[in-house]
Amino acid sequence: MLKAADISVHYGGVYAVKKVSLELREGEVLGIVGPNGSGKSTLLNAIGGLTRASGSVEIDGTAIPLNRPARPRRAGFLRTFQTPQVFTELSCIENVMLSASDRRGIGLLGSFLSRPFMWRSERVRIDEAKAALDRVGLGHLANRSAEGLAYGQNRHLEIARAIAAKPKYLAMDEPSAGLNQVETSTLAELIRSFAADGVTILVVDHKIDFLRGICSRMLVLQLGEVIADGSPDEVFTNPAVVDAYLGV
Amino acid sequence: MAVSEPGLTASKQRPRADAPAAGGSGRGERPALRWLRGRLPEYGPPVYRRHVYLQVVVFAALMAIFGAAFSTDSYRLGVMVTALTYAIAAMGLYFAYSLGGLFAFSQAAFMGLGAYTSAKVGDAHGFLTGFVSAIAVSFVVAIVVGLILRRAKHLYFAVGALAVAELMGLGFANWKFLAGDESGAVSGIVPMQIGGRVYLSAQDQFWFVLVVIVLVLLASMLVERSPMRRNAIATKQVPLVAQASGVPVYRIAIMLFAYGCALAGIAGSIEAHSIGAITPDGFGVGLAIDLYLMVLLGGLRSIWGPVVGAMFFTWLPEWLRSVQSYETVIYSFLLLITIIVLPDGIVGTLGKATRGLIRRAESR
């Protein structure tokens, strides 16, 4: 279980996220919605250690220090970004290999003294990265440079990088942004397949239909605070949500 | 699982030269060369599919031809020794700067550290011990400096490295233990010597340095052909994302910096023992900038960039000797033109042109 308690992020005097607590229960797909500027991405960045934040995060009973991006990763928390973060100087498969779950033989020592050992791990990393690319439908681009990929391909490359790490928790920041309807439904299917594999998923998004199709629980944020929490049906009939978010 | 190709629009669906089947063996590769290619499947990091060791062999052969052709020309051989020495130091900068993303303005100072260490130790225990301790001391000092500066980014690292360089310069000049005479100059350094064989003449020095640079190149190719490379490039491009993906960003940067400084130590040691005298000024900011220029001229994207850059940088003034008083003006202009005309460096531009030709040949 991933527990975030009293997460606050402020820029100057303005709170982007104000004392938000959330629990991500094992095996669930949790959706977070909210109008633009409600602090969804900031909350995700805070949990991922990428934004200066206060509060506490606990993954599987271990306290994770904030503001240290390497720590959530070590605890099995992987994520994708709102603007796809792809390393354009590397090939697609290298992008994915960066986060490989097998992390042995990657140092200077590995490259000089223990090369057979390094190669063994490296071959596993290549195979796993290829499998991850195949899974998101980018297998044929493995050798290609990540520069000049289409927007949707960048998104999927990021997803491949995240799942190559064999995450226990996968957080996705607006994965459907910029995708057309067909691509969005393909993405939903992909996310459902991750969930079926036992990955616990946190999705921040705008597309209500997309979220309804994949989420088992939803959280609604407004101006940095949680205003509703429950199953998709409950949430979308909640008058506060209808008022604040749907603006009806 | 049937997943369509996401985001692949019709215009992007050109015939794929990049499909796995065409991977590394698509360009009519000879089986005899395949063992050089590494033992990997056809997909994988592109660097594993390049003939990097073959490149070193070609370089060594070219240099050997040069050495044979000018075997009686001590002057040219001497210039080449300088060029090769700079090439080693510039290669170090390739690892620290091009891969590690660190503005290592301390590279010249680390060359000095290698030179002074090697001269001091060599005086008491012979060249080889001095040479090895130069590498070890540069490496260890670099790790300490790297740890101290690990959170300093970009220009802040540059300023820190410059400060370290200044401190080292002061040390060379004033530290009684190292300093030769009052100004810090050391002379009468033992020549390069291995197993009773002394490498004193220009010819001997050339062949000795050639062997050293080939060994350095082979070691560097091992680093190139390892996970270090992609982790370093990722760290340099977006450190936070790399870190969130699990790349040990500090460790990677520090190790590359230390490796680069060890190469500076090698270059410094060779300089000290081939010339026989060193001064603190010889390893100042001027040299640091020159080394940067070599890397930029040659190209940042390949390890051959600094090698070619060092050659160009060392030989250009020699070729301009004939124009005498205009030398500096023409030299500066040529540098400027090179940087404007070849923004990717000499090697980068040549590489791009070659790839373009190959693509054209393939599409025909």
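Treat the numbers as computed from the prediction; the structure is a model and nothing was measured. (Residues numbered from 1 in each chain as written. Chains lettered and ligands numbered in written order. Predicted model: local features only at pLDDT ≥ 70, side-chain atom pairs only at ≥ 80, totals over all residues.)

Okay, the overall build of chain A next. Scanning chain A from terminus to terminus reveals 10 helices and 10 strands. Scaling as 2.2 N^0.38, a compact globule of 248 residues should have a C-alpha radius of gyration of about 18 Å, and chain A matches this with 19 Å. Taken over the C-alpha atoms alone, chain A extends approximately 60 × 40 × 30 Å along its principal axes. Looking at chain A as a whole, 53% of its 248 residues qualify as buried. The long-range share in chain A, meaning contacts at least 24 apart out of those at least 6 apart in sequence, stands at 63%. (Helix = DSSP H or I, 4+ residues; strand = E, 2+ residues; numbered from the N terminus. Rg over C-alpha atoms; globule rule 2.2 N^0.38 Å. Buried ≥ 20, exposed ≤ 12 C-beta atoms within 10 Å, placed from the backbone. Contact = placed C-beta atoms within 7 Å.)

Turning to unusual backbone geometry, a few remarks are in order. All names here are of chain A. Non-glycine residue Asp 60 carries a positive phi angle of around 50°. With respect to the helices and strands, Asp 60 occurs in the loop between strand 4 (54-59) and strand 5 (62-64). Phi at Asn 67 is positive, roughly 65°, even though this residue is not glycine.

Turning next to the packing of helix 4 (residues 107-125) of chain B against helix 5 (residues 127-148) of chain B. Residues and elements named next belong to chain B. Where helix 4 contacts helix 5, the axes come no closer than 7 Å and their chain directions differ by 145°. Handedness of the crossing formed by helix 4 with helix 5: right-handed. In this structure, helix 4 contributes Phe 110, Leu 113, Gly 114, Thr 117, Ser 118, Ala 119, Val 121, Gly 122 and His 125 to the contact, and helix 5 contributes Phe 127, Thr 129, Gly 130, Phe 131, Ser 133, Ala 134, Val 137, Ser 138, Val 141 and Ala 142. Here the residues of the contact of helix 4 with helix 5 are counted per class, giving 10 nonpolar, 9 polar and no charged. (Axes fitted to C-alpha atoms, helices over the stretch in contact; angles between N-to-C directions. Left-handed = near helix turned anticlockwise from the far one by under 90°. Nonpolar A, V, L, I, M, F, W, Y, C, P; charged D, E, K, R; others polar.)

As a further point, take the environment of Gly 49 of chain A. All names here are of chain A. Note on placement: Gly 49 falls in the loop between helix 1 (40-48) and strand 4. Residue class for Gly 49 comes out buried when judged on the 23 C-beta atoms lying within 10 Å of it. Along the backbone, Gly 49 and Gly 110 are 61 residues apart, and their C-alpha atoms lie at a distance of 29 Å. Not counting the four nearest positions on each side in its chain, Gly 49 is found in contact with Leu 66, Asn 67, Arg 68, Pro 69, Arg 71 and Pro 72.

All names here are of chain B. With their axes 8 Å apart at the nearest point, helix 5 and helix 10 (residues 249-275) run at an angle of 145° to one another. Two packed elements cross with a definite hand, and for helix 5 against helix 10 that hand is right-handed. Of the residues in helix 10, those in contact with Phe 127, Gly 130, Phe 131, Ala 134, Ile 135, Val 137, Ser 138, Phe 139, Ala 142, Ile 143, Gly 146 and Leu 147 of helix 5 are Ile 254, Phe 257, Ala 258, Cys 261, Ala 262, Ala 264, Gly 265, Ile 266, Gly 268, Ser 269 and His 273. When grouped by side-chain class, the residues that make up the contact of helix 5 with helix 10 number 16 nonpolar, 7 polar and no charged.

A few words on the nonpolar core. Within the largest apolar cluster, 178 residues are counted, with the highest numbers of intra-cluster contacts made by Ala 87 and Ala 90 of chain B. Apart from the residues within four sequence positions on either side, Ala 87 of chain B is in contact with Ile 213, Pro 306, Val 307, Ala 310 and Met 311 of chain B. (Core = buried A, V, L, I, M, F, W, Y, C linked by C-beta atoms within 7 Å.)

Time to look at the pairing of strand 9 (residues 217-222) of chain A. All names here are of chain A. Where strand 3 (residues 29-33) and strand 9 come together, 4 bridges link them in parallel fashion. Paired with Ile 32 across the bridge in strand 9 is Leu 219. Taken together, the 5 bridges between strand 9 and strand 10 (residues 225-230) define a ladder with antiparallel strand orientation. Bridge pairing in strand 10 links Leu 221 to Val 226. From the end of strand 9 to the start of strand 10, which pair antiparallel, there are 2 residues, and Leu 223 there has a positive phi angle of about 45°. (Pairing = 2+ DSSP bridges.)

At the junction of the two partners, chain B supplies 42 residues and chain A supplies 47 residues. Looking at the side of chain B that touches chain A, the elements that each hand over two or more residues are helix 7 (202-224), helix 8 (227-237), helix 9 (239-245) and helix 10 of chain B. With 7 residues, helix 8 of chain B is the largest single contributor of residues to the side of chain B that touches chain A. Residues that form the side of chain B that touches chain A fall into these classes: 25 nonpolar, 11 polar and 6 charged.

Moving on: the environment of Ala 177 of chain A. All names here are of chain A. Within the secondary structure, Ala 177 is located in the loop between strand 7 (169-173) and helix 7 (181-196). Ala 177 sits in the partly exposed class, given 16 other C-beta atoms within 10 Å. Along the chain, Ala 177 and Gly 152 lie 25 residues apart, while their C-alpha atoms are 8.9 Å from each other.

All names here are of chain A. If you walk across this open sheet you meet the 6 strands as 6-7-8-3-9-10, and the pairing is mixed. Two strands lie at the open edges of the sheet, namely strand 6 (77-79) and strand 10, each paired on one side alone. Ignoring which end each strand starts from, the neighbouring axes of this sheet average 20° apart. Note: strand 6 against strand 7, 3 bridges, orientation parallel. Following the sheet pairing, Phe 77 is matched in strand 7 by Tyr 169.

What follows deals with the sheet that holds strand 2 (residues 14-24) of chain A. Residue and element names in this part refer to chain A. Taken in spatial order, the 4 strands of this open sheet run 2-1-4-5, and their pairing is antiparallel. Lying at the two open borders of the sheet, with one neighbouring strand each, are strand 2 and strand 5. In this sheet, neighbouring strand axes are inclined to one another by 25° on average, regardless of whether the strands run parallel or antiparallel. In terms of strand pairing, strand 4 meets strand 5 through 3 bridges, oriented antiparallel. From the neighbouring strand, Ile 59 faces strand 5, where its bridge partner is Thr 62. Running at roughly 115° to strand 1 (residues 2-11), helix 1 makes contact with strand 1, strand 2 and strand 4 of the sheet.

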